[in-house]
Amino acid sequence: MMRQYELVEKVRAYDPSVDEDALNRAYVFAMKAHGNQKRASGDPYFSHPLEVAGILTNYHLDTASIITALLHDTVEDTEATSQQIAELFGEEIAQLVDGVTKLTQLELQSNRAKQAENFRKLLLAMSRDIRVLLVKLADRLHNMRTIEHMSKPESRRRIAHETMDIYAPLAERIGMHDIKDELEDRAFRELYPDARDSIVRRLEFLRTEGKSIVESVLEELRKLFAEAGMEVDIAGREKSPYSIWRKMQRTQSSVEQLSDIIAFRVIVPSVPECYQALGIVHGRYRVVPGRFKDYISTPKPNGYRSLHTGVLGLAEHRIEIQIRTPEMHDVAERGVAAHWVYKDIGSGPASNAVREESKQYRWLQELLEILENAAAPEDFLAHTRMEMFSDQVFCFSPKGDVYSLPRGSTPIDFAYAVHTDIGDKCVGAKINGRNMPLRTQLQNGDQVEILISRNQTPSPDWEKLVVTGKAKARIRRVLREIEMRQYVDLGRSILDKAFGRIEENLDDETLKPVLREFHAETVDDLFAMLGQGIYTGRDVVRLVHPDKDDSADGRKSGGSLFSLRRRRKLPIEADSKHSVPISGLTPGIAVHLAKCCYPLPGDRIVGIATTGKGVTIHTIDCMTLEAFADSPERWVDVSWDPNADLASEELVSRLNVTLVNEPGALAEMAATIAGAQGNISNLKFTNRTPDFFDMLVDIEVMDAKHLNAIETTLRSHGSVRSVERVRS
Ligand code: MN
């Protein structure tokens, strides 16, 4: 076990200003707190936090991190409290220890492998101070180094899985490759001992057999660069058994070639020399297609930079080569811990001292500065390359399962993430044990309990409260089903009326033979299309009882569906320059009825001239006219042609109707309109609440008087809350 003075010496070696007193007090405090506790190995428990602190000294961490490592298990496993630590070591250390304790508790809550990615993100998001994560990684590394002392095989497997799924990728994400490699290798040994053994045996064989090859490769490369007058450092590095195994799995191959297990590394002083060295290698040997990667111009997200290439014919083999500077190499090994050391600090007389100091823990100080200056945790995440998580929140179910949701998610999103059925039946939510409104935005670490009721169905209001695609899609689907049922009811009532006019009974059986003509699969499909105004009741009558179809329209079009569908669109476009019954204009001029106010014969109207497009007719009270107030020259006096044959025209008007949401309300409205000789040609819901429907209803009418009569009749019904003609 490391002695107290040994630890202090280790820290002082890279940090002359170390707070020795605090370090000594932490050593004694942790040792006393753990007292007689023992590790599974039989060692005193205190040996564990001490080893963790030792690992962190290799990364030249600041005194606060080393003290945190010493104290990291005291709150969780001993009588010591957070307040005590705050009093003895200050608020900063207390918060760091608190952070590590929280991560440890998280770890115990859930270990479902499929949630590994969420879990990693959660750990990152919860480690507001990256030192917390560094201590946690060192903690896990020491636990893996001593895992063989754990007696229960299932506990060992659980911890190894967690290490593989969660901690090794985390170490990689912040670029600490040596920790990542060791974590992976130790977990691999635990989980697949046979696979690892056989790879290690194969490696040994290739190593002895290939020894001379490695030597000749090194020799050939050295000669090559010497001839070019370049000073380089070259080494061969064996890949880890786990990375070889992964590659074997990926490529479904076996370990055959030396290039599979050894990568050669060329270290040169500067970036231009990296490319120069690459040129020398590529100038001599043939490049393996697809193996060249330039991570210098495009670094990996964790900051890794290097040139990779593969060449043929070096010592008669296929060889992989990585080319980088010493700085890049350090980042590759130590990641975030090395990242800030190599900033350009000039070359003045003082620069050597500054350089020395910067190599200690300047990177950490700068990281802390970013942390302190960040207005919000989001800023911190953005500055430390973890921005990919700043748009997410991580929440728990009462059982401790983790769900990752987009920022802005509500309990309804959470409910749908758990299960569609839970979402559909959600009536309320408890967040961290308190009843909260469903519109509440969830925060990182919230525990969410969804309250459900068997009778609940999604409310139209929910659409505005959710941000996840899954919830949105499901809510829309259910609302659409409800809407379709209403269209079906409406369609049935429309057709009932139409059959009534020709004194026939509506019978589903008689409709079946004509379904194909309407591209409908079921009778309900047909009703729905009628309800939506895709076809009219007359269209169906014409095909089911051709003999009884007496409408002028029917005779004109001879029952052709195609022309009917086109006709139905006509009123919406109001583009009927030949038949608009307007007088007072030069013959031949194009005339359109405005699509904003749907003018009808009997309305007071005015024309607005548009160069090249003719004249558009508006009602005199149309809101759109305001836009032309300053161009009086464009206003044209027009009037309805009293001699026009209005009966043959299809004139459409548009009403904005609000209905009480109750059974039969839609059908009643349709029956009223039909009873007043109006024909619904289109219907569109614009807003739905649990109490009311707002909709736009297009009605074919004869003139303004006709429409007015329909409006008045509608207003007389209890289920109609308001009716307004659309004027803009
Ligand atoms: Mn520990």
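Residues numbered from 1 in each chain as written. Predicted model: local features only at pLDDT ≥ 70, side-chain atom pairs only at ≥ 80, totals over all residues. Heavy atoms only, no water.

A. Just the side chain of threonine 68, in detail. Following the sequence through the fold, threonine 68 ends up in helix α4 (residues 63-71). Given a relative accessible area of 2%, threonine 68 falls into the buried group. A distance of 2.7 Å separates a polar atom in the side chain of threonine 68 from the backbone oxygen of alanine 64. (Helix = DSSP H or I, 4+ residues; strand = E, 2+ residues; numbered from the N terminus. Buried < 20%, exposed > 50% of the residue type's maximum accessible area, 1.4 Å probe, protein only. Polar contact = N/O pair within 3.5 Å; in protein donor to acceptor, adjacent residues only side chain to side chain.)

B. Layout of the sheet that holds strand β21 (residues 720-725). As summarised here, the arrangement of the four strands in space is β19-β20-β18-β21, forming an open sheet in which the pairing is antiparallel. With partners counted over all chains shown, the strands left at the sheet margins are β19 (679-688) and β21, one partner each. Across this sheet, the average inter-strand angle for adjacent strands is 25°, counted without regard to direction. Two strands pair when backbone bridges link them, and strand β18 (residues 651-660) and β21 are joined in this way by five bridges, in the antiparallel orientation. Looking across to β21, one finds that leucine 655 is bridged to arginine 725. Sheet strands touched by helix α27 (residues 665-675): β18, β19 and β20 (692-701). Its angle to β19, the strand with the most contacts, is close to 150°. (Pairing = 2+ DSSP bridges. Axes fitted to C-alpha atoms, helices over the stretch in contact; angles between N-to-C directions. Contact = heavy atoms within 4.5 Å.)

C. View of the sheet that holds strand β14 (residues 605-610). Reading across the sheet, the four strands line up as β13-β15-β14-β16 and stay open at both edges, with mixed pairing between neighbours. Whereas interior strands pair on both sides, the edge strands pair on one side only; in this sheet they are β13 (591-593) and β16 (635-636). Of the pairings in the sheet, the one linking β14 to strand β15 (residues 614-619) comprises six bridges and is antiparallel in character. Bridge pairing in β15 places valine 606 opposite histidine 618.

D. Highlighting the coordination of the manganese ion. Only His48 (NE2), His72 (NE2), Asp73 (OD) and Asp139 (OD) from the protein reach the manganese ion as donors, at distances of 2.2 to 2.4 Å. All donors of the manganese ion come from a single chain, and their spacing in sequence reads H-x23-H-D-x65-D. Take aspartate 73: its relative accessible area is 6%, and that puts it in the buried class. (Donors = N, O, S within 2.8 Å, 3.2 Å for Na, K, Ca; no water.)

E. A look at helix α14 (residues 271-284). Taking 1.5 Å per residue, 14 residues should reach 20 Å; α14 reaches 21 Å between its end C-alpha atoms and fits that length. Every buried residue of α14 is listed here: Cys274, Ala277, Leu278, Ile280 and Val281. Looking straight down α14, one finds that the buried residues subtend no more than 160° of arc, so they occupy a single side. Those residues of α14 that are exposed and angled more than 90 degrees off the buried face are Pro272 and Gly283. (Expected span 1.5 Å × (residues − 1). Arc of directions from axis to C-beta.)

F. The nonpolar core, seen in detail. Formed by 92 residues in total, the largest nonpolar core has its most connected members in Leu71 and Ile321. No fewer than three residues from each of domain 1 (4-193) and domain 2 (210-324) sit in this core. Beyond its immediate stretch of four places on either side in the chain, isoleucine 321 contacts Leu221, Phe264, Val266, Val281, Leu307, His308, Thr309, Val311 and Leu314. Core analysis: the next-biggest nonpolar cluster, separate from the first, contains 57 residues, Ile494, Tyr535, Ile617 and Phe685 among them. (Core = buried A, V, L, I, M, F, W, Y, C linked by side-chain atoms within 4.5 Å. Domains from an automatic or database assignment.)

G. Local environment of the confidence of the model for the protein. Of the residues in the protein, 79% have a pLDDT of 70 or more, and the chain-wide mean is 79. Highest mean pLDDT in the protein belongs to helix α2 (residues 20-34) (95); lowest belongs to helix α26 (residues 561-573) (33). Here residues 339-389 is a poorly scored stretch, pLDDT under 50, and it has 71 contacts once near neighbours within four places are set aside; other chains count. A low-confidence stretch, residues 552-578 stays under pLDDT 50, and its non-local contacts, those more than four residues away or across chains, total 45 contacts. (pLDDT = per-residue confidence, 0-100.)

H. Just the environment of leucine 203, in detail. Along the polypeptide, leucine 203 turns up in helix α12 (residues 193-227). On the accessibility criterion, leucine 203 (2% relative accessible area) is buried. Distance from leucine 203 to proline 241, taken between C-alpha atoms, is 8.3 Å for residues 38 residues apart in sequence. Once you skip the residues sitting within four places of it in the chain, leucine 203 turns out to touch Glu238, Pro241, Ile244 and Ile261.

I. Expanded view of the packing of aromatic side chains. For the structure shown, the criterion picks out ten aromatic pairs. An angle of 35° between the planes, with centres 5.0 Å apart, marks the rings of phenylalanine 188 and tryptophan 245 as tilted. Placement of the pair is phenylalanine 188 in helix α11 (residues 177-191) and tryptophan 245 in helix α13 (residues 241-251), with a sequence separation of 57 residues. Grouping residues by exposure puts phenylalanine 188 and tryptophan 245 together as buried. Through a chain of ring-to-ring contacts, three or more aromatic side chains come together here, namely Phe188, Tyr192, Tyr242 and Trp245. We note arginine 39 situated over the ring of tyrosine 45; from NZ or CZ to the ring centre the distance is 5.7 Å. It is arginine 688 that lies over the ring of phenylalanine 685; its NZ or CZ is 5.0 Å from the centre. (Phe/Tyr/Trp six-rings, centres within 6.5 Å; stacked < 30°, edge-to-face > 60°. Lys NZ or Arg CZ within 6 Å of the ring centre and 35° of its normal.)

J. View of the pairing of strand β2 (residues 262-267). With six of six residues buried, β2 lies mostly within the body of the structure. In the sheet, strand β1 (residues 233-238) pairs with β2 via six bridges, with the strands oriented antiparallel. Within β2, the position partnered with glutamate 238 by the bridge is isoleucine 262. Summarising the sheet, β2 and strand β6 (residues 317-324) pair through five bridges and their orientation is parallel. Note on β6: the bridge partner recorded for phenylalanine 264 is isoleucine 321.

K. How the structure looks around the pattern of salt bridges. This model, assessed by the stated rule, comprises 27 salt bridges. Arginine 654 is the partner of aspartate 698 in a salt bridge, and the nearest nitrogen-oxygen pair spans 2.8 Å. Of this pair, aspartate 698 sits in strand β20 while arginine 654 sits in strand β18, and the two are 44 residues apart along the sequence. Comparing aspartate 698 with arginine 654 shows no difference in burial state: the two are buried. (Salt bridge = Lys/Arg side-chain N within 4 Å of Asp/Glu carboxyl O.)

L. Here's a closer look at the side chain of threonine 619. Position of threonine 619 among the secondary structure elements: in strand β15. On the basis of relative accessibility, which here comes to 1%, the residue threonine 619 falls in the buried class. For threonine 619, the side chain forms a polar contact with the side chain of aspartate 621, separated by 2.9 Å. If sequence neighbours within four positions are ignored, threonine 619 has contacts with Cys597, Pro599, Asp603, Arg604, Ile605, Leu625, Arg725 and Arg727.

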